[in-house]
Amino acid sequence: MSTLIRPELSCKNKYWIDRHRYYELKHFCMQYDIWKQAYDGLDSLVRMNYEGAHVKSSNISNPVERCADARSYYFERLTMIEKAADETDSFFGKYILQAVTKGLSYEKLLIQTGIPCCKDKYYDLYRRFFWILNGIRN
């Protein structure tokens, strides 16, 4: 179930972004858990197969290179979302991160985590998060 936030704000709102861009960023964030699992899986794969092995930098095999590229791809996306959440608010960032990556509304987030703010402040931070993420993604 999606959040009940309106996807389109007034152009006069300080955190206005286009409705379609908002949906693009929202779906980008919803992939966070998938990317986290893939990143962690690649990390354990690297440790399992290559821990203690001496590999010369001039003789890197394709599987190692592909694994490194994939880890870099996932790491970049994970940190992009985490950075936007932290820039949104240093205290409420963890709540915003959970909300945007799991698609939680204020009511569900309040029940699950007991977020210590009112609905208006939460949705202001929520909109700020996507405005910041929009700037980071450009």
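Structure: above.
Chemist: How would you summarise the overall build of the chain if you had to cite specific residues and measurements?
Modeler: On a plain count of helices and strands, the chain comes out with six helices and zero strands. Ordering the α and β elements of the chain from the N terminus gives α-α-α-α-α-α. Every one of the 138 residues in the chain was classed for burial, and the buried ones make up 36%. When contacts within the chain are restricted to residue pairs at least 6 apart in sequence, long-range pairs at least 24 apart make up 69% of them. When the accessible area of the chain is evaluated, it comes to approximately 8700 Å², of which 52% is carbon and sulfur surface.

Chemist: Tell me about the nonpolar core, residues and numbers included.
Modeler: In terms of nonpolar packing, the biggest core is built from 32 residues, with Ile81, Ile115, Tyr122, Phe129, Phe130 and Leu133 touching the most fellow members. At the level of elements, helix H1 (19-30), helix H2 (32-50), helix H3 (62-88), helix H4 (93-102), helix H5 (106-113) and helix H6 (119-137) are the ones that each hand at least two residues to this core. Considering every element that reaches this core, the biggest residue donor is H6, with eight residues. With residues near it in sequence (within four places) discarded, isoleucine 115 still touches Phe92, Tyr95, Tyr106, Leu109, Leu110 and Tyr122.

Chemist: A description of the environment of phenylalanine 129 should follow, citing residues and the corresponding values.
Modeler: Tracing the chain through its elements places phenylalanine 129 in helix H6. What makes phenylalanine 129 buried here is its relative accessible area of 0%. Sequence separation of phenylalanine 129 and isoleucine 96 is 33 residues, and the distance between their C-alpha atoms is 7.6 Å. Not counting chain neighbours up to four residues away, the residues in contact with phenylalanine 129 comprise Cys29, Ile81, Ala84, Ala85, Thr88, Ile96 and Val100.

Chemist: Kindly report on the packing of aromatic side chains, identifying the contributing residues and their values.
Modeler: The full count for this structure, using the stated rule, is 15 aromatic pairs. Seen in terms of ring centroids, phenylalanine 91 and phenylalanine 92 are 4.9 Å apart; in terms of plane orientation they differ by 85°. Their pairing is edge-to-face. Between phenylalanine 92 and tyrosine 95, the ring centres sit 6.2 Å apart and the planes meet at 45°, which makes this aromatic pair tilted. You can call phenylalanine 92 buried: its relative accessible area is 8%. Note on tyrosine 95: relative accessible area 12%, which makes it buried.

Chemist: Any details on the packing of H3 against H4? Residues and values, ideally.
Modeler: Direction vectors running N to C along H3 and H4 enclose 135°, while the axes themselves pass 8 Å from each other. Relative to H4, H3 is oriented oblique. In this structure, H3 crosses over H4, and the sense of that crossing is right-handed. Contacts between H3 and H4 involve Ile81, Glu82 and Ala85 from the former and Gly93, Leu97 and Thr101 from the latter. Taken together, the residues of the contact of H3 with H4 sort by class into three nonpolar, two polar and one charged.

Chemist: Just give me the short version of the pattern of salt bridges, but keep the residues and values in it.
Modeler: Scanning all chains against the criterion turns up six salt bridges. Between glutamate 24 and arginine 137 there is a salt bridge; the shortest N-O distance is 3.8 Å. One end of the pair, glutamate 24, is in helix H1; the other, arginine 137, is in helix H6, and 113 residues separate them in sequence. In this structure glutamate 24 comes out as partly exposed when scored by relative accessible area, which is 39%. Across the pair arginine 77 and glutamate 76 runs a salt bridge, and its minimum N-O distance is 3.8 Å.

What counts, and where the lines are drawn
Residues numbered from 1 in each chain as written. Predicted model: local features only at pLDDT ≥ 70, side-chain atom pairs only at ≥ 80, totals over all residues. Heavy atoms only, no water. Helix = DSSP H or I, 4+ residues; strand = E, 2+ residues; numbered from the N terminus. Buried < 20%, exposed > 50% of the residue type's maximum accessible area, 1.4 Å probe, protein only. Contact = heavy atoms within 4.5 Å. Areas by Shrake-Rupley, 256 points an atom, 1.4 Å probe, with all protein chains shown as cover. Core = buried A, V, L, I, M, F, W, Y, C linked by side-chain atoms within 4.5 Å. Phe/Tyr/Trp six-rings, centres within 6.5 Å; stacked < 30°, edge-to-face > 60°. Axes fitted to C-alpha atoms, helices over the stretch in contact; angles between N-to-C directions. Parallel < 35°, antiparallel > 145°, perpendicular 65-115°, else oblique. Left-handed = near helix turned anticlockwise from the far one by under 90°. Nonpolar A, V, L, I, M, F, W, Y, C, P; charged D, E, K, R; others polar. Salt bridge = Lys/Arg side-chain N within 4 Å of Asp/Glu carboxyl O.

Nothing here speaks to function; it is geometry throughout.
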